[in-house]
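Report on the structure
As a plain string of letters, each chain reads:
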Amino acid sequence: MGNHLANISPHQHILILMIFIVRHAERADRAGHPELIEVLGDTPLTQVGKTQSVETGRYIQQVIDEYQFKNGSTEKMQAIVFSSRFLRTIQTASGICESLDNVYEKTIFLEDTIAQFKDWNVYEEKTKGRLFLSQKAEEEQKRYFNYKVQELSLIHI
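The residue numbers shown here count from 1 along each chain, following its written sequence. In view of the model being predicted, local features appear only for residues whose pLDDT reaches at least 70, and side-chain atom pairs are presented and counted only at 80 or more, with totals across whole chains, interfaces and linings using the full set of residues. Values reported for side chains reflect all heavy atoms of the structure, with hydrogen atoms and water molecules removed beforehand.

1. Describing the overall build of the chain
Quick reminder of the rule: Only DSSP runs of H or I covering at least 4 residues are called helices, and only runs of E covering at least 2 are called strands; the numbering of each starts at the N terminus. Burial classes follow relative accessibility: with a 1.4 Å probe on protein chains only, a residue under 20% of its type's maximum area counts as buried, one over 50% as exposed, and anything between as partly exposed.
When helices and strands are tallied, the chain shows five helices and three strands. Going from the N terminus to the C terminus, the chain shows its helices and strands as α-β-α-β-α-α-α-β. The burial tally for the chain puts 37% of its 157 residues in the buried class.

This is the structure we're talking about:
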């Protein structure tokens, strides 16, 4: 098959899309660390989970780098990162972002429709009010993740 990007003229632009779907890393409540939980029902990652998320980001960056090398691409791909609003998923996304070279706007975009919910209606404000993001000030959130989080709604696009 060869280098299929070599035949593209310098004036042509091509969009390359890679999608990685990752569930959260090790969570405190399932790993026997209830002392880490500040908001009932919205458990954080353990230290192991934080390490897992950074390692996952390194793996994703390696896959991207290998693809770009094999195809002779010199431009850095931009990562657009989405997460549900659960603390463990935001922390996982943040750890992944730490290992990526080029995260779009240094932001994790929050999207409710990618979350797994059992008993809660994802669109109810009372549900969102029970979660970490709603209960903790922005400065306090920085203890848990290093990236800006921004609301996004894919169902309205």
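2. Considerations on unusual backbone geometry
Of note in the backbone geometry, glutamate 105 takes a positive phi value of approximately 55 degrees without being a glycine. Among the secondary structure elements, glutamate 105 is positioned in strand β2 (residues 103-110). Despite not being glycine, lysine 106 has its phi angle at roughly 45 degrees, a positive value.

3. A short note on the sheet that holds strand β3 (residues 148-151)
What counts here: Pairing between two strands requires that DSSP report at least two bridges joining them. Between the N-to-C directions of two axes lies an angle of 0 to 180 degrees, each axis being a line fitted to C-alpha atoms and, for a helix, fitted only over the stretch in contact. Contacts are assigned to residue pairs that have any heavy atoms within 4.5 Å of one another.
An order of β1-β2-β3 is seen for the three strands of this open sheet, with the pairing classed as parallel. Either end of the sheet is taken by a strand with one partner, and the two such strands are β1 (79-83) and β3. In this sheet, neighbouring strand axes are inclined to one another by 35 degrees on average, regardless of whether the strands run parallel or antiparallel. This element, helix α2 (residues 87-99), spans β1, β2 and β3 of the sheet and lies at about 165 degrees to β2.

4. Some remarks on the environment of glutamate 55
By the element assignment, glutamate 55 lies in helix α1 (residues 47-70). Glutamate 55 sits in the partly exposed class, given a relative accessible area of 44%. Counting along the chain gives 40 residues from glutamate 55 to glycine 95, while the straight-line C-alpha distance between them is 8.1 Å.

5. Here's the deal with the packing of aromatic side chains
So the rule is basically this: Stacked, tilted and edge-to-face pairs are distinguished by plane angle, under 30 degrees for stacked and over 60 for edge-to-face with tilted covering the rest, among Phe, Tyr and Trp rings (Trp via its six-membered ring) whose centres lie within 6.5 Å.
Under the criterion given, the structure shown has two aromatic pairs. Aromatic pair phenylalanine 82 and phenylalanine 109: ring centres 6.2 Å apart, planes at 45 degrees, arrangement tilted. Taken together, the residues phenylalanine 82 in strand β1 and phenylalanine 109 in strand β2 connect sequence positions 27 residues apart. In this structure phenylalanine 82 comes out as partly exposed when scored by relative accessible area, which is 39%.

6. Notes on α2
How we decide: Under the convention used throughout, the expected extent of a helix is 1.5 Å for every residue step, that is, one less than its residue count.
When the terminal C-alpha atoms of α2 are compared, their 19 Å separation across 13 residues agrees well with the 18 Å that a helix rising 1.5 Å per residue should span. With 12 of 13 residues buried, α2 is to be regarded as a mostly interior element. All of the buried residues along α2 are Leu87, Arg88, Thr89, Ile90, Gln91, Thr92, Ala93, Ser94, Gly95, Ile96, Cys97 and Ser99. Summarising the contacts, the buried residues of α2 are in contact with α1, β1, β2, α4 (132-135) and β3.

7. Details of the pattern of salt bridges
Short version of the rule: One speaks of a salt bridge when a side-chain nitrogen belonging to Lys or Arg is within 4 Å of a carboxyl oxygen belonging to Asp or Glu.
Following the criterion strictly, the structure yields three salt bridges and no others. Note that lysine 76 is salt-bridged to aspartate 65, the shortest N-O span being 3.8 Å. Placement of the pair is lysine 76 in the loop between α1 and β1 and aspartate 65 in helix α1, with a sequence separation of 11 residues. For aspartate 101, the salt bridge identified is with lysine 76, shortest N-O distance 3.0 Å. Linking aspartate 101 in the loop between α2 and β2 with lysine 76 in the loop between α1 and β1, this pair joins segments that are 25 residues apart in sequence. You can call lysine 76 partly exposed: its relative accessible area is 48%.

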